[in-house]
Amino acid sequence: MRCVGHVGLTKGLDIMRTAEDRRERLAKFIDLAKVYRGWSRGEVARALGRDPGKLLPPSGNPKLDLLVGIADALDWSVGDVIDGVWTSEDVPLCDGDFSFLDAQALAAHRSGDYRKMADISKQMTLASKTPSERALACNRCAGAYDGMGQYNKSLPCLQAALSERGIPAGLRLMLTVNLANAHYAVWNLTESRSAAREVLELLESTTMTERRERVCHAFAHYVRGNSFRRLICVESDLAQTHARRAHADLSQALREYEDLADTFADDRYAAVANTCRGGLLEIEAVLGHLSPNDVLQRLTVALDRVVDVAAHAPGEWLESWGWWCIFGCNVALRHLGEEDISLSMAIFTNKAMEIADRLENWSLRERAFQMDLERHERLDNEPWVLDNEEVRILAGTMGRFPNFRAAGWRILQEAKFLDPQGGAQCLGA
């Protein structure tokens, strides 16, 4: 589900430094390390494994070991050092005032051009003159990264926006619920529940007459409910407790999104309500209100609506049916025995990946890969072959979801790679 306010901050218009610029920045980093550690030039050289007279590479392109050494000396992350060496703070002058650029960013979002939206959001930052404008620019940037599945870049944008002082309560509310959703996307479930709870507490004393307030309230219940739903498999000893809380939140979100859809004649809200409805079916199986087979039957029959995925326009409704596939995978893995799991899981994972590819939805891809891995680990003798495109998508998923990387490496280790010229082989063989 996309961020509220798109339906932050520094990387969309990165300008690369020249070789001379990189050498100058490297020299500054080394000088900073000297001061930080209280070292002499010789001590710095020894720590970095370099000759004192040859600390800086002539090309301005440092080797990885030099960057790692600088990061260790400064107690920085390697990524932050690389960003400081290669990325210039100089950016092109913006063309247009803030309102014009904001309208362009929203148009780019509606057309699905998230890279363009990220670029425009950096122009918005340059054009911003108030804390609210800077925060809104961050929010647009976060929405662009969300659309590209780069959730770990979305998080710092929203955190930067929320650090702005004196922004209106409504904007802060929107930023906070978007932060909750960004945490949820990368499985930071403690943070997602905390941010969602803050939104709900802030809205307790209001009448919620404004559309944005109502949407934020519904979205907060949606995020918190799904966070509890995910915790069912993370903390299985508390499955019943998490299931009851998930049921309460998603039931409330369902009611509110249905009301929003009726009030504003907006079918996107109806699609989110449908996602809530599917999540509640998964939870009903955990609570014992419905049998797992009954739930799987309902989820499978519902997918008759998306037999031909290519015939459906990309959008919230197609994404909703993708999540129904993931709910089906969860039910099958949690409740079925090995003799029944393979066919049911194959139906759901294949359809989920088909929808994910149609939407370029990385969250669905991450879940489909994870579900497939768990299925193959349950069924030891089932062959697993990945083609070129699947390996490409797997690599992209591993880059976007740090918590998935260990699973991604297990997939690459266990599956065979389909070489178009040489048949199936282990990757790297």
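Structure: above.
Figured I'd write up the structure that's included with this text.

The subject of this paragraph is the state of the cysteines. This structure, assessed with the given rule, holds zero disulfides. Free cysteine: Cys-233, not disulfide-bonded; nearest cysteine sulfur from Cys-329 at 12 Å. When its relative accessible area of 45% is taken as the criterion, Cys-233 is described as partly exposed. Here Cys-325 stays free of any disulfide, with the sulfur of Cys-329 as its closest cysteine sulfur at 7.1 Å. Taking the relative accessible area as the measure of exposure, Cys-325 reaches 0% and is therefore buried.

Time to look at unusual backbone geometry. A positive phi angle, close to 70°, is found at Trp-187, a residue other than glycine. Note on placement: Trp-187 falls in the loop between α9 (169-185) and α10 (189-203). Positive phi, normally seen in glycine, also occurs at Glu-360, with a value near 55°. Examined against the element boundaries, Glu-360 turns out to sit in the loop between α16 (338-359) and α17 (362-378).

It is worth spelling out helix α12 (residues 239-264) at this point. In a regular helix each residue adds 1.5 Å, so 26 residues correspond to 38 Å; α12 covers 36 Å between its end C-alpha atoms and thus fits that length. Residue Ala-265 follows α12 closely and has a positive phi angle near 50°.

The next thing to look at is the environment of Glu-282. The residue Glu-282 is located in helix α13 (residues 267-287) in this model. The class for Glu-282 is buried, based on a relative accessible area of 1%. For the pair Glu-282 and Glu-319, spaced 37 residues apart in sequence, the C-alpha separation works out to 17 Å. In contact with Glu-282, other than residues within four places in its own chain, are Arg-229, Val-295, Phe-327, Asn-330, Val-331 and Arg-334.

Turning our attention to the nonpolar core. Tyr-257 and Ile-355 are the most contacted members of the largest nonpolar core, which has 121 residues in total. It is helix α15 (residues 316-335) that contributes the most residues to this core, eleven residues altogether. Setting aside residues up to four positions removed in sequence, Ile-355 forms contacts with Val-306, Val-309, Leu-318, Trp-321, Gly-322, Cys-325 and Leu-364. Core analysis: the next-biggest nonpolar cluster, separate from the first, contains 16 residues, Ile-30, Ala-45, Leu-48 and Leu-66 among them.

Moving on, we get to the pattern of salt bridges. What the rule picks out here adds up to 20 salt bridges. Residue Asp-102 is joined to Arg-140 by a salt bridge in which the shortest nitrogen-to-oxygen separation is 2.6 Å. Residue Asp-102 is located in helix α5 (residues 98-110), and its partner Arg-140 is located in helix α7 (residues 131-147); the two are separated by 38 residues in the primary sequence. Comparing Asp-102 with Arg-140, the two get one shared label, buried.

Definitions and limits used
All chains use their own residue numbering, which begins from 1 and follows the written sequence. Given that the model is predicted, a residue must reach a pLDDT of at least 70 before its local features are reported, and side-chain atom pairs must reach 80 or more before they are shown or counted; all residues, however, enter totals for whole chains, interfaces and linings. With hydrogens and water set aside, each side-chain value is computed from the structure's full complement of heavy atoms. The definition used for a disulfide is geometric: two cysteine sulfur atoms within 2.5 Å. Buried, partly exposed and exposed residues are distinguished by accessible area as a fraction of the type maximum, computed with a 1.4 Å probe on protein chains only: under 20%, between the cut-offs, and over 50%, respectively. Each helix is a run of H or I in the DSSP string that is no shorter than four residues. Each strand is a run of E no shorter than two, and both are numbered from the N terminus. By definition here, a helix of n residues has an expected span of 1.5 Å times n minus one. Contacts are assigned to residue pairs with any non-hydrogen atoms lying within 4.5 Å of each other. Here, the term nonpolar core denotes a set of buried Ala, Val, Leu, Ile, Met, Phe, Trp, Tyr and Cys residues that are joined through side-chain atoms within 4.5 Å. The rule for a salt bridge is simple: a side-chain nitrogen of Lys or Arg has to be within 4 Å of a carboxyl oxygen of Asp or Glu.

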